[in-house]
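# Breakdown of the fold
If you want the building blocks of each chain, they are given just below.
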Amino acid sequence: MKIYTKTGDEGQTGLFSGPRVRKDDIRIEAYGTVDELNAALGLARCQPLPPEIDRCLLRVQSELFSVGAELATPDPQLHGTALIGERQVAALETAIDQLEATLPPLRNFIFPGGCVGAAELHVARGICRRAERRVVTLASQPGVSVSIQIIRYLNRLGDYLFVAARSAGQHAGSAEIPWEKPPA
């Protein structure tokens, strides 16, 4: 099987069990941003991260394929691609709680950075928030149904990535740099 099909050469792509749409369709933008997030997590996992974060990110990468499949399917229930639900959201909440228990309370906004792994997790967090916005836009389109669980999952994942970045920085011995309001 060849990687190139030439079927998208005129700016269209096919949805799973659905019609062909323009490559700038909001549905393509939504699952394309989820794919970009998955790649950013793969890059972050190339850095030394605490094992519990790496394990969670590997699971999340798999779950993001499921998110993408659901978003790429006009009728996910009919085609069996509605795979993200309360269990995955709850797992992220548990992971957040476990990491937060080891971190000092957050009293200020902090700058993204610290160490390379933490910085890459912050970048992934930004991409996750963009993916969430794209999915919300998709869900607001007439005649389009998007599972609220996907929106909840991406929202919680953004929270997890923030806490994971803080934890990775702490694990690497990097100090957090707080934002300070400029003088008036």
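Residues numbered from 1 in each chain as written. Predicted model: local features only at pLDDT ≥ 70, side-chain atom pairs only at ≥ 80, totals over all residues. Heavy atoms only, no water.

### Here we look at the environment of threonine 94
By secondary structure assignment, the location of threonine 94 is in helix α4 (residues 86-100). Overall, the relative accessible area of 43% leaves threonine 94 in the partly exposed class. Counting along the chain gives 75 residues from threonine 94 to glycine 169, while the straight-line C-alpha distance between them is 20 Å. (Helix = DSSP H or I, 4+ residues; strand = E, 2+ residues; numbered from the N terminus. Buried < 20%, exposed > 50% of the residue type's maximum accessible area, 1.4 Å probe, protein only.)

### Remarks on the packing of aromatic side chains
Scanning the model with the defined rule gives 1 aromatic pair in all. Pairing phenylalanine 109 with tryptophan 179 gives two aromatic rings, centres 6.2 Å apart and planes at 70°, and the pair type is edge-to-face. Residue phenylalanine 109 is located in the loop between α4 and α5 (116-139), and its partner tryptophan 179 is located in the segment after α6 (148-171); the two are separated by 70 residues in the primary sequence. Using a relative accessible area of 62% as the deciding quantity, one classes phenylalanine 109 as exposed. Residue classification places tryptophan 179 among the partly exposed positions, given a relative accessible area of 40%. (Phe/Tyr/Trp six-rings, centres within 6.5 Å; stacked < 30°, edge-to-face > 60°.)

### Regarding the pattern of salt bridges
Taken as a whole and judged by the stated rule, the model has 9 salt bridges. A salt bridge links glutamate 63 to arginine 59; the nearest nitrogen and oxygen atoms lie 3.2 Å apart. Highlighted residues: glutamate 63 and arginine 59, both in helix α2 (residues 51-71), separated by 4 residues, approximately one helical turn. Glutamate 63 gets classed as buried once you look at its relative accessible area, which sits at 10%. (Salt bridge = Lys/Arg side-chain N within 4 Å of Asp/Glu carboxyl O.)

### Focus on the layout of surface pockets
Here the largest pocket is characterised by a volume of approximately 180 Å³. If you trace the largest pocket, you find it lined by Ile28, Tyr31, Gly32, Val34, Asp35, Asn38, Leu64, Phe65, Gly68, Ala69 and Ala72. In terms of residue class, the lining of the largest pocket is built from 7 nonpolar, 3 polar and 1 charged. (1 Å grid on protein atoms, 1.4 Å probe; cavity = no way out; pocket = protein on both sides within 12 Å on 5 of 7 lines; lining within 4 Å. Points joined across faces, edges and corners; volume = space filled by probe spheres on them. Nonpolar A, V, L, I, M, F, W, Y, C, P; charged D, E, K, R; others polar.)

### Overview of the nonpolar core
Judged by nonpolar contacts, the single largest core of 45 residues is most densely connected at Leu64, Leu71, Leu121, Tyr153, Leu157, Tyr160 and Leu161. Elements supplying a minimum of two residues to this core: α1 (26-44), α2, α4, α5 and α6. Among the elements that take part in this core, α6 stands out by supplying 11 residues, more than any other. Apart from the residues within four sequence positions on either side, leucine 121 is in contact with Ala44, Leu49, Ile53, Leu57, Leu161, Ala164, Ala165 and Ala168. (Core = buried A, V, L, I, M, F, W, Y, C linked by side-chain atoms within 4.5 Å. Contact = heavy atoms within 4.5 Å.)

### A short note on α4
Given a rise of 1.5 Å per residue, 15 residues ought to cover 21 Å, and the 21 Å separating the end C-alpha atoms of α4 matches this to within 8%. Buried residues of α4: Gln88, Val89, Leu92, Ala95, Ile96 and Leu99, and no others. Buried residues of α4 fall within an arc of 120° about the axis and therefore sit on the same side. Exposed residues pointing more than 90 degrees away from the buried face of α4 are listed as Arg87, Asp97 and Gln98. Tucked inside the fold, the buried residues of α4 contact α2 and α6. (Expected span 1.5 Å × (residues − 1). Arc of directions from axis to C-beta.)

### Here we look at the state of the cysteines
The tally for this structure, following the rule as stated, stands at 0 disulfides. Looking at the unpaired cysteine 115, the closest cysteine sulfur is the one in cysteine 46, lying at 14 Å. The class of cysteine 115 is buried, set by a relative accessible area of 19%. The thiol of cysteine 128 is unpaired, and the distance to the nearest cysteine sulfur, on cysteine 56, comes to 12 Å. Judged by its relative accessible area of 0%, cysteine 128 is buried. (Disulfide = S-S within 2.5 Å.)

### What about the environment of alanine 164?
In this fold, alanine 164 is placed in helix α6. Sequence separation between alanine 164 and alanine 101 is 63 residues; the distance between their C-alpha atoms is 12 Å. If near-sequence neighbours (up to four positions away) are discounted, alanine 164 is found in contact with Ile53, Leu99 and Leu121.

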